[in-house]
Amino acid sequence: KEITYEEISDKNEFNSLLEQIDENMFNTDRVFLDYYLSKDKAMKRYKNWLTDDFGKSSCLLYKLVFKDKFIGFFYLKDIGESMVDSVLAGIFSQYKKLGLGSSIVGKHIELAKNLGYEKIITKVSSNNIESLRIHLAYGYEIKDSKYVYRKLNGGN
């Protein structure tokens, strides 16, 4: 109950979000874990993804606030037919290990219901077992599983 969410609607708030995403925030990401790639590339990948979508009418970007501190965010995307995609979410590195992770899922479900959505879909990396457990605890179901491969040309 102490965690709230607020829409990120202006460029200053958005830039504040980007500044708090560090190399270790998404440490279960396949790019982060790839021996041939860098943590910096993984971080930039998420920042660029958010930058590409911020301001689009389908982008619902919210910050999570705990005791007046900006602790993380979630991004939902309106995909029509009373459905929303939970695209990306995270707790900033300095607030990890405080037991706040389930708030991301709970709060985006709360918001989606308040906005009148009837269905939420998402994708969870099998590398992120904590997130998968939280989603399942909130009633999400696994519908399919996909592998992502990367071809190495000349060692990279």
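Please refer to the structure higher up on the page.
Quick caveat: nothing in here was measured; it's all calculated off a predicted structure.

Caption draft 1: Summary view of the environment of Asp34. Tracing the sequence through the fold places Asp34 in the loop between helix 2 (30–33) and helix 3 (39–53). C-alpha separation for the pair Asp34 and Arg150, spaced 116 residues apart in sequence, amounts to 9.7 Å. Side-chain polar atoms of Asp34 contact the side chain of Arg150, separated by 2.8 Å.

Caption draft 2: Examining the sheet that holds strand 1 (residues 3–7) more closely. Pairing in this open sheet of five strands is mixed, and the strands run 1-2-3-4-5 from one edge to the other. Either end of the sheet is taken by a strand with one partner, and the two such strands are strand 1 and strand 5 (119–122). For this sheet, the mean inter-axis angle between neighbouring strands, taken without regard to orientation, is 35°. Running at roughly 110° to strand 3 (residues 69–80), helix 1 (residues 11–20) makes contact with strand 1, strand 2 (59–66) and strand 3 of the sheet.

Caption draft 3: Summary view of the nonpolar core. Counting residues in each nonpolar core, the largest one holds 35 residues, and the members touching the most others are Leu17, Ile21, Leu50, Leu61 and Phe73. Within the residue set of this core, elements represented by two or more residues are strand 1, helix 1, helix 3, strand 2, strand 3, strand 4 (83–91) and helix 4 (101–114). Ignoring any residue separated from it by four or fewer positions in sequence, one finds Leu17 in contact with Ile8, Leu50, Leu61, Phe70, Phe73 and Phe92.

What counts as what
- Residues numbered from 1 in each chain as written.
- Predicted model: local features only at pLDDT ≥ 70, side-chain atom pairs only at ≥ 80, totals over all residues.
- Heavy atoms only, no water.
- Helix = DSSP H or I, 4+ residues; strand = E, 2+ residues; numbered from the N terminus.
- Polar contact = N/O pair within 3.5 Å; in protein donor to acceptor, adjacent residues only side chain to side chain.
- Pairing = 2+ DSSP bridges.
- Axes fitted to C-alpha atoms, helices over the stretch in contact; angles between N-to-C directions.
- Contact = heavy atoms within 4.5 Å.
- Core = buried A, V, L, I, M, F, W, Y, C linked by side-chain atoms within 4.5 Å.
- Buried < 20%, exposed > 50% of the residue type's maximum accessible area, 1.4 Å probe, protein only.

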